Structures are given as structure tokens and as C-alpha cells.
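Architecture at a glance
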Amino acid sequence: MKWTDVLDIAIELAETHPEVDPKTVRFVDLHNWVVELPDFDDDHSRGGERVLEAIQQAWIDEV
């Protein structure tokens, strides 16, 4: 997965962290969780605020 795979990342996060309300996740934690996903393979520094917002919104929509 790459940073551009926003929906796939959101689905993985929802499955990996079912107890978490995505509205309460800090971007630092979100970034760390994304790069720790087993299928994630992209430059860690490319996960800026804009992409993290998109992932968070997709995760909110997913749950």
C-alpha cells in the first residue's frame, strides 16, 4: 500500500483498531499506525497532513 491508497488504508485501520474512534486519533498516532501496517510500503516522510486528513475521513466514513 502507498499513501495514495487512502480507502485501503482506512479499511486496514478500521480492522486493526476496531476499538478506536477515528475522530479522536492524533495525526502523529495515525501516521505511526499507517506506516506500521504490514502491507504498507511507501516513503514514511510523504505522509503529510493532507493525506492523513483524507485517511482519517475515509476511516470515519468506513465505521
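These remarks concern the structure in this document.

The rules behind each value
- Residues numbered from 1 in each chain as written.
- Predicted model: local features only at pLDDT ≥ 70, side-chain atom pairs only at ≥ 80, totals over all residues.
- Heavy atoms only, no water.
- Helix = DSSP H or I, 4+ residues; strand = E, 2+ residues; numbered from the N terminus.
- Rg over C-alpha atoms; globule rule 2.2 N^0.38 Å.
- Contact = heavy atoms within 4.5 Å.
- Lys, Arg positive; Asp, Glu negative; His and termini not counted.
- Charge placed at Lys NZ, Arg CZ, Asp CG, Glu CD.
- Salt bridge = Lys/Arg side-chain N within 4 Å of Asp/Glu carboxyl O.
- Buried < 20%, exposed > 50% of the residue type's maximum accessible area, 1.4 Å probe, protein only.
- Expected span 1.5 Å × (residues − 1).
- Arc of directions from axis to C-beta.

1. Observations regarding the overall build of the protein chain
Assigned secondary structure in the protein chain consists of three helices and zero strands. Seen in sequence order, the protein chain has helices and strands lined up from the N terminus as α-α-α. For the protein chain, whose C-alpha radius of gyration is 10 Å, the value lies close to the compact-globule estimate of 11 Å for 63 residues. Each principal axis of the C-alpha distribution contributes one length, and for the protein chain these read about 25 × 20 × 15 Å. Contacts in the protein chain between residues at least 24 apart in sequence constitute 74% of all its contacts with a sequence separation of at least 6. For the protein chain, the distance from the average position of its 5 positive side-chain charges to the average position of its 16 negative side-chain charges is 7 Å.

2. A few points about the pattern of salt bridges
All told, the structure shown has two salt bridges when counted by the stated rule. A salt bridge links K2 to D41; its shortest N-O distance comes to 3.9 Å. In this pair, K2 is assigned in the segment before α1 (6-16) and D41 in the loop between α2 (27-36) and α3 (49-62), connecting sequence segments 39 residues apart. With a relative accessible area of 38%, K2 lands in the partly exposed category. Its relative accessible area of 53% is what places D41 among the exposed residues.

3. Comments concerning the environment of L13
Among the secondary structure elements, L13 is positioned in helix α1. On the basis of relative accessible area, L13 is assigned to the buried category, the value being 0%. When residues no more than four places from it in sequence are discounted, the contact partners of L13 are L30, W33, V34, L37, I55 and W59.

4. Here we look at α3
The end-to-end C-alpha distance of α3, which contains 14 residues, comes to 20 Å, matching closely the 20 Å that a straight helix rising 1.5 Å per residue would cover. Taken residue by residue, α3 has V51, L52, I55, Q56, A58 and W59 as its buried positions. Along α3, the residues classed as buried sweep out an arc of 165 degrees about the axis, all on the same side. Counted as exposed and oriented over 90 degrees from the buried face of α3: E49, R50 and D61. Taken together, the buried residues of α3 touch α1 and α2.

Read these as layout, nothing more, since geometry by itself doesn't imply function.
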